[in-house]
Amino acid sequence: MFKPLLKRLALSSLLTCSAFAIADQSDYKLMVISDSDSSQAIIQGQYEAVLNNTAKSSDVNSQYELAFNRCAASVKSKNFSHAESLCTEAIKLLNQSEVRGYKRRELTSFALSNRGIARIMSKNDTAALSDFYEAVKMSGNDLVNHNLNRAKQNLAL
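Residues numbered from 1 in each chain as written. Predicted model: local features only at pLDDT ≥ 70, side-chain atom pairs only at ≥ 80, totals over all residues. Heavy atoms only, no water.

> What is the right way to read the pattern of salt bridges from this model?
Two side chains with opposite charge may pair up if their charged atoms get near one another. Taken as a whole and judged by the stated rule, the model has six salt bridges. Of the charged contacts in the structure, one is a salt bridge between Arg150 and Asp27, with a shortest N-O distance of 3.7 Å. Here Arg150, found in helix 8 (residues 142-154), pairs with Asp27, found in the loop between strand 1 (19-23) and strand 2 (29-33); they are 123 residues apart in sequence, far enough to count as distant. The residue Asp131 makes a salt bridge to Arg119 at a minimum N-O spacing of 3.0 Å. Placement of the pair is Asp131 in helix 7 (residues 125-138) and Arg119 in helix 6 (residues 101-121), with a sequence separation of twelve residues. For the pair shown, Asp131 and Arg119 are each scored as buried. (Salt bridge = Lys/Arg side-chain N within 4 Å of Asp/Glu carboxyl O. Helix = DSSP H or I, 4+ residues; strand = E, 2+ residues; numbered from the N terminus. Buried < 20%, exposed > 50% of the residue type's maximum accessible area, 1.4 Å probe, protein only.)

Structure, rendered in structure tokens:
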């Protein structure tokens, strides 16, 4: 009885930390953490609803998920400086979270990649490339690799 419950808890915590990509107008892949509220609002184009959600939670995991998704909503709203600070906040909160090992590295690489998109859109190319390279180094995920290759192509590197 204990093992099935443990498996169910592990699976549910894994699912709350999953991420998916949405295409940006520039063909970059912007990552969003799958949570029932803010990720659905972003998919539906309700960026302001996500950005206006400033609910404070004592749960660090909820805090980084909200900061992460608010970063993506800011990028979609073309508020790149706000997106950059939200991604930086998400990275900081991820480092304090209880997410372990591989998943933390992957989510951090996604947040770095999202911050790279915000930076490249605000013409901060050097910092953007640094984020993309660091993201690829942390997690060689196809989405992160796509964003690095897209940036190099756009900058003719």
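> What's the story with the packing of helix 4 (residues 60-76) against helix 5 (residues 80-96) in this structure? I'm lost.
Packed helices, taken two at a time, are described by the angle between their axes plus the distance between the axes. At a closest axis distance of 8 Å, the pairing of helix 4 and helix 5 adopts a crossing angle of 160°. Taken together, helix 4 and helix 5 sit at an angle that is classed as roughly antiparallel. By crossing handedness, the relation of helix 4 to helix 5 is classed as left-handed. In contact with Val60, Gln63, Tyr64, Ala67, Phe68, Arg70, Cys71, Ser74 and Val75 of helix 4, helix 5 contributes Phe80, His82, Ala83, Leu86, Cys87, Glu89, Ala90, Leu93, Leu94 and Gln96. (Axes fitted to C-alpha atoms, helices over the stretch in contact; angles between N-to-C directions. Parallel < 35°, antiparallel > 145°, perpendicular 65-115°, else oblique. Left-handed = near helix turned anticlockwise from the far one by under 90°. Contact = heavy atoms within 4.5 Å.)

> Please explain the side chain of Asp131 as it appears in this structure.
On the basis of relative accessible area, Asp131 is assigned to the buried category, the value being 2%. Setting aside its immediate chain neighbours within four residues, Asp131 contacts Leu112, Arg115, Gly116 and Arg119.

> Quick question: what am I supposed to make of the state of the cysteines here?
A covalent bond between the sulfur atoms of two cysteines is what we call a disulfide. Scanning all chains against the criterion turns up one disulfide. With its sulfur 1.8 Å from that of its partner, Cys71 forms a disulfide with Cys87. Given an S-S torsion of about -45°, the disulfide between Cys71 and Cys87 has left-handed geometry. In this pair, Cys71 sits in helix 4 while Cys87 sits in helix 5, placing the two residues 16 residues apart along the sequence. Judged on exposure class, the residue Cys71 and its partner Cys87 are both buried. (Disulfide = S-S within 2.5 Å.)

> When you look at helix 5 in this model, what are you seeing that I'm missing?
Because an α-helix packs 3.6 residues into every turn, residues spaced three or four apart end up facing the same way. In a regular helix each residue adds 1.5 Å, so 17 residues correspond to 24 Å; helix 5 covers 25 Å between its end C-alpha atoms and thus fits that length. Three or more residues of helix 5 are buried, namely Phe80, Ala83, Leu86, Cys87, Ala90, Ile91, Leu93 and Leu94. End-on, the buried residues of helix 5 take up no more than an arc of 165°, which puts them together on one face. For helix 5, exposure combined with an orientation more than 90 degrees from the buried face picks out Ser81 and Lys92. Taken together, the buried residues of helix 5 touch helix 3 (47-51), helix 4 and helix 6. (Expected span 1.5 Å × (residues − 1). Arc of directions from axis to C-beta.)

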